[in-house]
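# Results of the structural survey
As a plain string of letters, each chain reads:
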Amino acid sequence: MELLDYVQYFPKVLDDAYCDYAISEMNNCDKFTNVFNNNYDCYGIDKKNELRHIYFPIIDSILSTKDKYLERIDIHQRNTEGVDFFQEFGERLRVQHHRKGGKTPTHVDNSITRNIKEPIKNDKGSNYYGLPGTDAKITIVLYLNDDYEGGKFFMDTPYKEYTTEKGSALVMPSGFMYPHGVKEIIEGERWSISAFLR
């Protein structure tokens with residue numbers, strides 16, 4: 001398989017009504033903090049905080065997407081049959097909210113190899129949003145809306161842009177070979193949720 005064959009897109013892993021509900025609930029949460037610039041902020045959802053009521057349906061979607069990903073890349077042909085890979089994930093999911101002018105600079109999700117090209121104000125990496133004391137092996141991003149202009153997800157090396165739809169997911173390895181980012185939002189707001197699995 002080629003490098004970008006391990007970046008996989010899955011349509012409709014969350015239904016539209018649940019995406020709308022999750023965005024509505026997150027819009028009412030005042031705990032978001034700015035990360036890269038004033039037009040991009042984030043918040044961690046877990047089982048105990050203000051957004052816990054949307055946590056479990058999202059986790060179900062993440063785990064089912066993970067299973068589809070492993071089946072698609074046929075990981076079991078290269079590893080011990082029957083092992084449940086990447087079952088362990090952090091209790092905190094990262095909600096990402098980009099407004100007009102917001103973007104995410106090129107980075108990797110594994111905490112050891114983040115190597116972000118632009119300064120960051122308040123980002124704790126996958127050790128905070130994923131598993132304490134460990135590092136992400138795969139990243140799953142759920143897209144809650146698509147009614148914005150710009151804001152395309154891109155892989156940096158080799159370069160490729162991805163068009164994502166409401167309710168879809170993108171899955172990729174988290175390490176140094178998969179630098180990625182989000183292009184600037186031209187109009188509207190972009191909502192997504194990331195999970196980091198080991």
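In what follows, the accompanying structure is described. In every chain, residue numbers begin from 1 and rise along the written sequence. With pLDDT at 70 or above as the cut-off, local features in this predicted model cover only qualifying residues; side-chain atom pairs require 80 or more to be listed or tallied, and sums for whole chains, interfaces and linings still use all residues. In computing side-chain properties, one takes all heavy atoms of the structure into account and sets aside hydrogens as well as water.

Moving on: helix α2 (residues 55-73). By definition, any uninterrupted DSSP run of H or I lasting at least four residues is a helix, any uninterrupted run of E lasting at least two residues is a strand, and each is numbered from the N terminus. To estimate how far a helix should reach, multiply one less than its number of residues by 1.5 Å. The end-to-end C-alpha distance of α2 is 27 Å, a good match for the 27 Å that 19 residues give at a rise of 1.5 Å each. Summary of the burial criterion: residues with accessible area below 20% of their type's maximum are buried, those above 50% are exposed, and those between are partly exposed, where the area comes from a 1.4 Å probe applied to protein chains only. Buried residues of α2: Y55, I58, I59, S61, I62, L63, T65, K66, Y69, L70 and I73, and no others. One or two steps after α2, the chain reaches D74, where phi turns positive at roughly 60 degrees.

With that settled, the discussion passes to the pattern of salt bridges. Any carboxyl oxygen of Asp or Glu that lies within 4 Å of a side-chain nitrogen of Lys or Arg is treated as forming a salt bridge with it. The final tally for this structure, using the stated rule, is six salt bridges. Of the charged contacts in the structure, one is a salt bridge between D16 and K12, with a shortest N-O distance of 2.7 Å. For D16, a relative accessible area of 34% puts it in the partly exposed group. The partner of K166 in a salt bridge is D20, with the nearest N and O atoms 2.6 Å apart. Of this pair, K166 sits in the loop between β9 (160-162) and β10 (169-173) while D20 sits in helix α1 (residues 16-27); the two residues are 146 residues apart in sequence, bridging distant segments of the chain. Here K166 falls in the buried class, since its relative accessible area comes to 17%. On the basis of relative accessibility, which here comes to 41%, the residue D20 falls in the partly exposed class.

Take the pairing of β10 next. Buried residues dominate β10, accounting for five of its five residues. Of the two faces of β10, the one holding A169, V171 and P173 and the one holding L170 and M172 are both buried throughout. Strand pairing is assigned whenever DSSP detects at least two bridges linking the two strands. Relative to β10, strand β1 (residues 8-10) is paired through three bridges, and the arrangement is antiparallel. Following the sheet pairing, Y9 is matched in β10 by L170. Here strand β6 (residues 138-143) runs beside β10; their pairing, made up of five bridges, is antiparallel. Across the sheet, the residue bridging to I140 is V171, located in β10.

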